[in-house]
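# Fold and geometry: a report
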Amino acid sequence: MSIAAAELESPLDALQDLRRNRRRNRLADVHWIDALYRVYIVGFLGVIAVALGADALPGDPVSAAEAVDFAHDAPAWLGLAIAVAVGIGLRSGSRGGPLVLEAPVVVHELNAPVDRAAVLRAPAVKQLRFLAFAGAVVGAIAGELASQRLPVNAFALAGAGAAVFALAGLLASGAAMIVSGRRVRWWPANLLALAVLAWSGLDILLGTTTSPLTWLASGALWPVTFTPLAIAGAVLAVVIPVLGVLGIGKLSTEHALRRASLVAQLRFAVTLQDVRTVVLLRRQLSQEKPRTTPWVRIGWGSSTNAVLAVFKRDWQSYLRFPLVRLVRMVVLAAGAGIALGFTWRGTPALILVAGLALFVAAYDAAEPVAQEVDHPTRRESYPEDPGRFLVNHLIAAVMVMLVLCVITAGAATILIPVGVVVQLFPSVIVTVAGAAALAAIISPSQGAPDSAALVGLGPDVMGWVLIARVVLPPTLVVVALLPLLGAGSDPDAIDTARVANSTIWVFIPLVLGFIYLRTRKPKHL
Amino acid sequence: MSFLDIKPPRNDDVDQKLVLQTFELGKDYGDGMGVSALDLKIKPKELVMLVGPNGAGKSTFLGLSAGMLEPTTGAAYIAGAAAGSVEARAALSYLPDNPVLYDDLSLAEHIEYVARLHATVDWKDYAEDLLEMFGLADRADDLPSRFSRGLKQKTGLILGLIRPFRLMLIDEPFVGLDTPGQEMLVEVLSDVVAQGASVLCSTHQLDLVPSASRCVGLRDGELAYDGPATAEKIRELVGG
């Protein structure tokens, strides 16, 4: 037995020693080839992302005057993006986030007669450091991409972007820590998140720079135009995380233990790229439960028609959606509209964001069918062909997506003239709504990855198959949106015929997707 | 409804001599009451069996008493200190139903860490005794996260015993143990009480009845019985 002699008997010394031991044991488990392979994969994906992003952005540089105009308008939008991150942080904080502690840390360290702040400070700082680093990387890439159009030094823009995004990461995480450390309930946290979002929204609508988040965002464009208020925003982004770390000691152990258990499962599901499990665990993490009482109760019917039965079951599910899920679907649809607006204004890469937002919104619309897929034996027990059974669920999902697409079109009018939206909307709404619903149903109907079967393909092929499983469904939505790129940017000469003709080609992947769904069989456990 | 979720500790009527005292302790999970307004007192040197059918609220009550869960009503005090406070944590050893272990620490490292976190004096000889007693002396350098269920349970028990405490809260400690392990655990818990500490143990293990000074029965989150522990009474309480 090798219990080391303890020279120092302070519990805090024990804490330091434990962390050293754990680090040493972890490092002993990591082979340097594995570590290099991880660096290679991350670097490879990063290079692909930057190259694709750079190609997707229009290469024509804007004039100095246009750049100044951009620097006046852009901070409000970037401020809104930061507000979304802060809002997510506030919501997460009310549920014990953003810290994710391991269960043994909660049980042994938070239960020891040691100042909890001392136990939690290190993980809190580690989390802030990680988010600042991740923000800096994203900001630097965004700055570098933006420098292709703006007539300023690329290094300066990348540096400013890195600094602002890093501070945004600190701010969002720090806000969450303040809320979790003070054990603020969910409703004041949500109210605060709404207020932060509304303030940034007002800056966009009124063309003002009143929100501290707009101030902070303006720092990203310092190389174009200097705004002293950015310093105030940056100071706030430093003070908030400091306050968060100082108050983290009062974190709820109940929240910490719940998060520890769920996040461990979540990480495992992510490594398997099992999207459905990730979604289910994320809902548990955010305590998103179906309503006990539906918004509207549908009475018993007398029809024995299977299509109607599925249709009714789907709507019974939607009518039990919690408010937060409904709001998220609306926000995602509106976000897709905003992204399409920017696409029309000259940033075609954002069509990917629009497609992804609609796919995620549709994923909720596919919730009833996902629940069927979760239980293959039950699904197989129905006296209905399994493929047809899946297809029957499409009807309600498409209806929901049609409504969401109307919201998308409405949001797009913020950035696109109403006349343009009205001309283009009828050409694409059916295919986009259909593609989103189809893609969202295909995703869970694939079931969890069959590791045993995939291993036979070899590690490289297995990796690509796993990626394809995740990427193809949202790609279907992006494909349905692509005809919009042919509309042209002149509001007085919108090429509706070209858009309509391109839309016909979208039916090919849609039909293929439909055939895939129609021929799916449940996987036996 | 208060803006903050922090409730002021209730210090009135707290008896410093009791190792556990709860005042209308309740937990509402939102979709059903976990525990409803429980008043319970445990004196030093008591071995109390906590029994009840599945879903009765036993684990919730232990979690609340340990300060791991936040009560929606009432309060719990460990040796006169509010549950969850530093003083309460120093006086309490809490073993959840599922042993919680670090993935990357050996059994010996676990023991050292827990002992030192609780400022245990002269823990090394005691650690060797415990390892010997639980038959894990030759596994001290192994990672317990890779142990079987029963060995993990023994590891959890060692970690619960290695540090000083006045009250031990244990949730289903007999699950996963083999027969010799169960017999030894009965002996260990009796020794703990003989040395002056108290034990509140959630279990239906009838072997513990002769050693138990009391039995507390829960049903639907409410106190259904508080009296002498007998095999008949336990069967009645568990059988519902």
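Located above this text is the structure these notes cover.
Rules and cut-offs
- Residues numbered from 1 in each chain as written.
- Chains lettered and ligands numbered in written order.
- Predicted model: local features only at pLDDT ≥ 70, side-chain atom pairs only at ≥ 80, totals over all residues.
- Helix = DSSP H or I, 4+ residues; strand = E, 2+ residues; numbered from the N terminus.
- Expected span 1.5 Å × (residues − 1).
- Buried ≥ 20, exposed ≤ 12 C-beta atoms within 10 Å, placed from the backbone.
- Contact = placed C-beta atoms within 7 Å.
- Axes fitted to C-alpha atoms, helices over the stretch in contact; angles between N-to-C directions.
- Left-handed = near helix turned anticlockwise from the far one by under 90°.
- Nonpolar A, V, L, I, M, F, W, Y, C, P; charged D, E, K, R; others polar.
- Pairing = 2+ DSSP bridges.
- Core = buried A, V, L, I, M, F, W, Y, C linked by C-beta atoms within 7 Å.

Before going further, it helps to spend a moment on helix 5 (residues 149–161) of chain B. All names here are of chain B. Taking 1.5 Å per residue, 13 residues should reach 18 Å; helix 5 reaches 19 Å between its end C-alpha atoms and fits that length. The buried count for helix 5 comes to ten of 13 residues, which makes it a mostly enclosed element. Those residues of helix 5 that fall on the buried side of the exposure criterion are Leu-151, Gln-153, Lys-154, Thr-155, Gly-156, Leu-157, Ile-158, Leu-159, Gly-160 and Leu-161. On its buried side, helix 5 packs onto strand 6 (92–95), helix 3 (107–117), helix 4 (123–133), strand 7 (167–171) and helix 6 (179–194).

The geometry of a pair of packed helices is captured by two quantities: the angle between their axes and the separation between those axes. All names here are of chain A. Relative orientation of the contacting elements helix 6 (residues 154–181) and helix 9 (residues 229–246) amounts to 35°, with a least axis distance of 7 Å. Of the two elements, helix 6 crosses helix 9, and the hand of that crossing is left-handed. Within the contact between the two elements, helix 6 uses Leu-167, Ala-168, Leu-170, Leu-171, Ser-173, Gly-174, Ala-175, Met-177, Ile-178 and Gly-181 and helix 9 uses Ala-234, Ala-237, Ile-240, Pro-241, Leu-243, Gly-244 and Val-245. Across the contact of helix 6 with helix 9, the residue classes break down as 13 nonpolar, four polar and no charged.

Here the focus is the interface of chain B and chain A. Counting from both sides, the interface comprises 35 residues of chain B and, opposite them, 32 residues of chain A. Of all elements in the fold, only helix 2 (86–91), helix 3 and helix 4 of chain B reach the threshold of two or more residues within the side of chain B that touches chain A. Among the elements that make up the side of chain B that touches chain A, the one with the highest residue count is helix 3 of chain B (eight residues). Taken together, the residues that form the side of chain B that touches chain A break down as 23 nonpolar, two polar and ten charged.

Residue and element names in this part refer to chain B. For strand 3 (residues 47–51) and strand 9 (residues 214–219), the ladder comprises four bridges, and the chain directions are parallel. Paired with Val-51 across the strands is Gly-217, a residue of strand 9. Strand direction decides the pairing type here: strand 9 and strand 10 (residues 222–227), joined by five bridges, are antiparallel. Within strand 10, the position partnered with Cys-215 by the bridge is Gly-227. The hairpin formed by strand 9 and strand 10 contains two residues between the paired strands, and Asp-220 there has a positive phi angle of roughly 50°.

Core analysis: the biggest nonpolar cluster contains 147 residues, and Ile-78 and Leu-167 of chain B have the highest contact counts within it. Top element by residues in this core is helix 6 of chain A. It accounts for 18 residues. Apart from the residues lying within four places of it in its own chain, the contact partners of Leu-167 of chain B are Val-19, Leu-20, Ile-42, Ile-78, Ala-79, Ala-91, Leu-92, Ala-197, Ser-198 and Leu-200 of chain B. The next biggest cluster of nonpolar side chains, apart from the first, holds 63 residues, and it includes Ala-357, Ala-370, Leu-390 and Ala-396 of chain A.

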